[in-house]
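# Summary of structural features
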Amino acid sequence: VKEGELTRVRGRAVQDGQEGWVTVAGNQGSIFLKEGGSTFKIVKETILTECFEIDAPPSEVRKIKESTRKLKLGELVEVREWGKKQEGTGLTRMKCKVRSDGLVGWITTVGNTGIKFVEMV
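Residues numbered from 1 in each chain as written. Predicted model: local features only at pLDDT ≥ 70, side-chain atom pairs only at ≥ 80, totals over all residues. Heavy atoms only, no water.

## What to know about the overall build of the protein
Quick reminder of the rule: Numbering of helices and strands runs from the N terminus, with a helix taken as a DSSP run of H or I at least four residues long and a strand as a DSSP run of E at least two residues long. To sort residues, take the accessible area from a 1.4 Å probe on protein chains only and compare it with the maximum for the residue type: under 20% means buried, over 50% means exposed, and anything in between is partly exposed. Two residues form a contact once any of their heavy atoms are found within 4.5 Å.
A tally of helices and strands in the protein yields 1 helix and 10 strands. Reading the protein from its N end, one meets helices and strands in the order β-β-β-β-β-α-β-β-β-β-β. Relative to its 121 residues, the protein shows a buried fraction of 26%. Considering only intrachain contacts with a sequence separation of at least 6, the fraction spanning at least 24 residues in the protein is 45%.

Next comes the structure, spelled out in C-alpha cells:
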C-alpha cells in the first residue's frame, strides 16, 4: 500500500506474533524494513529432534535419544517454522531443515537462560 510517499505492508512479527502495518521505507529514503534470510548457522552445539516438545517422561527419554541428531558448530539450517517458546522449559525452538543431509526437525534456538544456539547468516 502506498500512502503518499510511504510504502507500508501488513505483517506479523516473528518474535511475539503481533500483527499490524509496517513502513518499509520513509519519505526521505530511510529503510525501516528489509527482506531477511531464512538460513541460520549453528553457533553452539544443539540437537535436532522429531518433535517440538523436548521434555519427556522417563519412559520416553530413550525414544527421544534414538531419534535425535547432534548439530555441530558451523552447520547450516533453513527455517521451516519460525521459533516459538516451549512453555514447560522456557526454550525457544524452531523447525528447520539441515542443509548437509536434508533432515527436518526441531532445534533449540535460544536456551532458557538466553544462550543463543543459532545466528542468521
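## Remarks on the sheet that holds strand β7 (residues 76-85)
Under the convention used in this document: Two strands pair if DSSP finds at least two bridges between them. Axis definition: a line fit to C-alpha positions, over the contact stretch in the case of helices; interaxial angles, taken between N-to-C directions, run 0 to 180 degrees.
The antiparallel open sheet is built from 5 strands, whose spatial order is β9-β8-β7-β4-β10. Unpaired on one side and paired on the other, β9 (104-110) and β10 (118-120) mark the two borders of the sheet. For this sheet the average axis-to-axis angle between neighbouring strands, irrespective of direction, equals 45 degrees.

## Things to note about a nonpolar patch on the surface
Here is the rule we go by: To count toward a patch, a residue needs a relative accessible area above 30% and no salt bridge. Like charges then connect within 9 Å, nonpolar side chains (Val, Leu, Ile, Met, Phe, Trp, Tyr) within 5 Å. The protein chains shown are the only cover counted for residues, whose accessible areas, like all others here, come from Shrake-Rupley with a 1.4 Å probe. Any Lys or Arg side-chain nitrogen found within 4 Å of a carboxyl oxygen on Asp or Glu counts as a salt bridge.
Among the surface-exposed residues, V9, F32 and L33 lie close enough to one another that they form a single nonpolar patch of about 270 Å² accessible area. Here V9 lies in strand β2 (residues 6-12). In this structure V9 comes out as partly exposed when scored by relative accessible area, which is 34%.

## Comments concerning the packing of aromatic side chains
Spelled out, the test is: For Phe, Tyr and Trp, where Trp contributes only its six-membered ring, two rings pair if their centres lie within 6.5 Å, and the inter-plane angle classes them as stacked under 30 degrees, edge-to-face over 60, or tilted in between. Whether a charge sits over a ring comes down to the Lys NZ or Arg CZ being within 6 Å of the ring centre and within 35 degrees of the ring normal.
Here the structure, examined in full by the defined rule, presents 2 aromatic pairs. With a centroid separation of 6.0 Å and an interplanar angle of 75 degrees, the aromatic rings of F40 and W82 are classed as edge-to-face. A residue pair is termed long-range when its members are at least 10 positions apart, and F40 in strand β4 (residues 39-42) and W82 in strand β7 qualify at 42 residues. F40 sits in the buried class, given a relative accessible area of 10%. Note on F52 and W106: the rings are 5.0 Å apart at their centroids and 75 degrees apart in plane angle, and the pair reads as edge-to-face. Taken together, the positions of F52 in the loop between β5 (46-48) and α1 (58-66) and W106 in strand β9 put the pair 54 residues apart, joining distant regions of the chain. Using a relative accessible area of 7% as the deciding quantity, one classes W106 as buried. Over the ring of F52 we find K84, and its NZ or CZ is 5.1 Å from the ring centre.

## Notes on the nonpolar core
As a reminder of what qualifies: Think of a nonpolar core as a cluster: buried Ala, Val, Leu, Ile, Met, Phe, Trp, Tyr and Cys residues, connected wherever their side-chain atoms sit within 4.5 Å.
F40, I42, L48, L71, V77, V79, M94, C96, V98, I107 and V118 together form the largest nonpolar core, which totals 11 residues. At the level of elements, β4, β7 and β8 (92-98) are the ones that each hand at least two residues to this core. A per-element tally of this core places β8 first, with 3 residues. Beyond its immediate chain neighbours, meaning those up to four positions away, L71 contacts I42, E45, T46, I47, L48, V77, V98 and I107.

## Here we look at the confidence of the model for the protein
For the record, the criterion: Confidence scores per residue from the predictor, reported as pLDDT, run from 0 to 100.
Within the protein, residue pLDDT values average 85, and 84% of them lie at 70 or more. Per-element averaging of pLDDT across the protein places strand β1 (residues 2-3) at the bottom with 54 and β4 at the top with 96.

## Quick look at the pairing of β9
β9 sits mainly inside the fold: 5 of its 7 residues count as buried. When β8 meets β9, the two strands line up antiparallel, connected through 6 bridges. Pairing of C96 across the sheet is with G105, part of β9. Between β8 and β9, which pair antiparallel and follow one another directly, the connecting turn spans 5 residues, one of which, G102, has a positive phi of 80 degrees.

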